[in-house]
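Working through the structure, step by step
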Amino acid sequence: MSKNTPKAIRGTQDIFGAEAEAFAFVVETFERVRKLYRFRRTEMPVFERTEVFSRAIGETTDVVSKEMYSFEDRGGDSLTLRPEFTAGIARAFLTNGWQQHAPLKIGTHGPLFRYERPQKGRYRQFHQIDAEIIGAAEPQADVELLCMADQLLEELGIEGVTLHLNTLGDADSRDQWRAALITYFKAVEGQLSEDSQERLEKNPLRILDSKDRRDQQFLADAPRIDDFLTEDAQTFFKAVTDGLDAAGVKWKRAESLVRGLDYYRHTAFEFIPDEGSAAADALGAQSTVLGGGRYDGLMESLGGPATPAVGWAAGIERLAMLVGDKHEPDADVIVVVEDDERIGDAIAAIGRVRAAGLTAELAASGSTRKRFDKAVKSGAKSILALDICDGAPVHRIKASDADTARIEALLN
Ligand code: ATP
Ligand code: MG
């Protein structure tokens, strides 16, 4: 590489080989599970007006205040590369009149952008799979989404990851809890981290998931949401946990799980590797693989009607790390052109092989010996060689009896 060659942007990845196979496996599995649960598919713009995110996610959140890629376009509009899917989907729901489809079960996947400190499992361009149910107030929607997430992890073969579940209560419970947290943390304000001092009034819930030691010493005795839950909020949460129990989804109560974004109400959850598990080792410090919750207040923040909704998103890179490297599969058939006279026949033959659903590769360049070397090294299950012998076309097949018969049939 010359000094002149531009470098990739910090925090982006060029995913290739076994890692790219693992990435594709995650996406393919998500697509399969999405269909099992009958979630519809959407493709969303990669950028939106900045206010879509600042209003929906909340000005005081890390994502909006520190992590967004915002810029002015040539027309002078402030645009932002999406840092998450939910806000854009909510915008689309409102601007396209998707209310008519409510309750709308919808899923998507693609790249997202956050200006973060890059490290293992944390990038500036990363990818998520995302599932949302919009226009459903019932706890059964939360249960369905959580079952879907659980089944996805199961089908990916990921073990040692547990659902951590919390309720943030309804607006009333949350407001009271918030006020109690402010009073509690105010008393020790001077001893908190700078970040927490700053978010004390604006977003005190966030102090609960602070990783700073100065904050952590006060967390055990902080006011607990359970003491503020209204009866409605308790009933709602019980319906969610009863549903999970009925479905056989294992979960663990996580009282201080609040999630980073302002819009959550009631259910909030994360799937986190168990301490000491292989999954925890693989992920290092970036432990959460999938997170989400109920965001009943979000549509209103975008000027829409009150619309209950619940959703989750999972990092594809982090899931791919847990899935492990996946080998690029060997071809079913490799077609070797021994005599260049047979190139046309080879092209026709490989076309039939692929049309029959077998994966196939052509070896037609370099010396005959090189072509055979390539065929053997490729690990292909079957080799079909096309040659001319005494002026007549011949072919040879090196394969199991069943495969030989199958390929013979395709040639006739
Ligand atoms: P974290 O606490 O790790 O920063 P978060 O709460 O900001 O996560 P969400 O906004 O809930 O993350 O996104 C859901 C999932 O997307 C995360 O659980 C994680 O798997 C993935 N994710 C989030 N940010 C990144 C990133 N910068 N790089 C890779 N994956 C990410
Ligand atoms: Mg984050």
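Located above this text is the structure these notes cover.
Residues numbered from 1 in each chain as written. Chains lettered and ligands numbered in written order. Predicted model: local features only at pLDDT ≥ 70, side-chain atom pairs only at ≥ 80, totals over all residues. Heavy atoms only, no water.

**Quick look at the sheet that holds strand 9 (residues 265-273)**
Spelled out, the test is: For two strands to pair, DSSP has to find at least two bridges joining them. Secondary structure follows DSSP: runs of H or I at least 4 residues long count as helices, runs of E at least 2 residues long count as strands, and numbering of each begins at the N terminus.
In spatial order, the strands read 1-5-6-11-10-9-7-8; together these eight strands make up an open sheet with mixed pairing. Two strands close off the open sheet at either side, each with one partner strand: strand 1 (40-41) and strand 8 (251-253). By the bridge criterion, seven bridges tie strand 6 (residues 125-134) to strand 11 (residues 309-315) in an arrangement that is antiparallel. The residue of strand 11 that forms the bridge with I129 is A314.

**Here we look at the site of ligand 1**
Defined as follows: Residues are counted as near a molecule or strand when any one of their heavy atoms sits within 4 Å of it. The term polar contact refers here to a pair of N or O atoms within 3.5 Å; inside protein, the definition further demands a hydrogen-donor-capable atom paired with an acceptor-capable atom, and it admits residues adjacent in sequence only when both atoms are side-chain atoms. Each residue is assigned to one of three groups, with Ala, Val, Leu, Ile, Met, Phe, Trp, Tyr, Cys and Pro labelled nonpolar, Asp, Glu, Lys and Arg labelled charged, and all others, Gly among them, labelled polar.
The immediate surroundings of ligand 1 are formed by 14 residues, with R114, E116, R122, Y123 and R259 found nearest. One of the side-chain N or O atoms of Q128 is found 2.9 Å from an oxygen atom in ligand 1. One of the backbone N or O atoms of G315 is found 3.1 Å from an oxygen atom in ligand 1. Class assignment of the residues belonging to the shell around ligand 1 gives a composition of five nonpolar, four polar and five charged.

**Details of the layout of surface pockets**
Under the convention used in this document: Cavities and pockets were defined on a 1 Å grid built over protein atoms only: a cavity is a set of grid points that admits a 1.4 Å probe from which the probe cannot escape, a pocket is an open set flanked by protein on both sides within 12 Å along at least five of seven lines, and lining residues are those with an atom within 4 Å of any such point. Grid points are joined across faces, edges and corners, and a volume is the space filled by probe spheres set on the points.
Computed from the structure, the second largest pocket encloses a volume of approximately 250 Å³. Together, D150, L153, E154, I158, E159, G160, V161, T162, L163, G248, V249 and K250 line the second largest pocket. Among the elements of the structure, helix 5 (139-155) and strand 7 (161-167) are those that each provide at least two residues to the lining of the second largest pocket. Here the residues of the lining of the second largest pocket sort into five nonpolar, three polar and four charged.

**Describing the sheet that holds strand 3 (residues 69-72)**
Let me state the cut-off plainly: Only the stretch in contact is used when fitting a helix axis, every axis being a line fitted to C-alpha atoms; angles between N-to-C directions are given from 0 to 180 degrees. Whether two residues are in contact is decided by their heavy atoms: any pair within 4.5 Å suffices.
Pairing is antiparallel across the open sheet formed by three strands, whose spatial order is 2-4-3. The two strands at the open ends of the sheet, each matched to only one other strand, are strand 2 (47-49) and strand 3. Averaged over all neighbouring strand pairs, the angle between strand axes comes to 30 degrees, with direction disregarded. In this sheet, strand 4 (residues 78-81) lies alongside strand 3 in antiparallel orientation, the contact comprising four bridges. Looking at the pairing, S70 lines up with T80 of strand 4. Contacting strand 2, strand 3 and strand 4, helix 2 (residues 50-57) runs over the sheet at an angle of about 75 degrees to strand 2.

**Observations regarding the pattern of salt bridges**
To be explicit about the condition: The working definition used for a salt bridge is a side-chain nitrogen of Lys or Arg within 4 Å of a carboxyl oxygen of Asp or Glu. For every residue, the accessible area obtained with a 1.4 Å probe (protein chains only) is divided by the maximum for its type, and the residue is called buried under 20%, exposed over 50%, and partly exposed between those limits.
Going through the model one piece at a time under the given rule, you end up with 26 salt bridges. Ionic pairing is found between E31 and R34, a salt bridge with its closest N-O pair at 2.7 Å. Of this pair, E31 and R34 both sit in helix 1 (residues 17-36), three residues apart, which is roughly one turn of the helix. Judged by its relative accessible area of 15%, E31 falls in the buried class. Linking R396 and E338 is a salt bridge whose minimum nitrogen-to-oxygen distance equals 2.2 Å.

**What about helix 2?**
For helix 2, the buried fraction is high: six of the eight residues fall into the buried class. The set of residues buried in helix 2 consists of T50, V52, F53, S54, A56 and I57. Buried residues in helix 2 make contact with strand 2, helix 3 (62-67), strand 3, strand 4, helix 4 (86-95) and helix 11 (298-301). Positioned one or two residues after helix 2, G58 has a phi angle of 110 degrees, which is positive.

**Considering the pairing of strand 11**
Every other side chain in a regular strand lies on the same face of the sheet, so the side chains alternate between the two faces. In terms of burial, strand 11 is largely enclosed, as seven of its seven residues are buried. Burial along strand 11 is two-sided: A309, G311, A313 and G315 facing one way and V310, W312 and A314 facing the other are all buried. Note that strand 10 (residues 290-294) and strand 11 share five bridges and pair antiparallel. Note that in strand 11 the partner of G293 across the bridge is G311.

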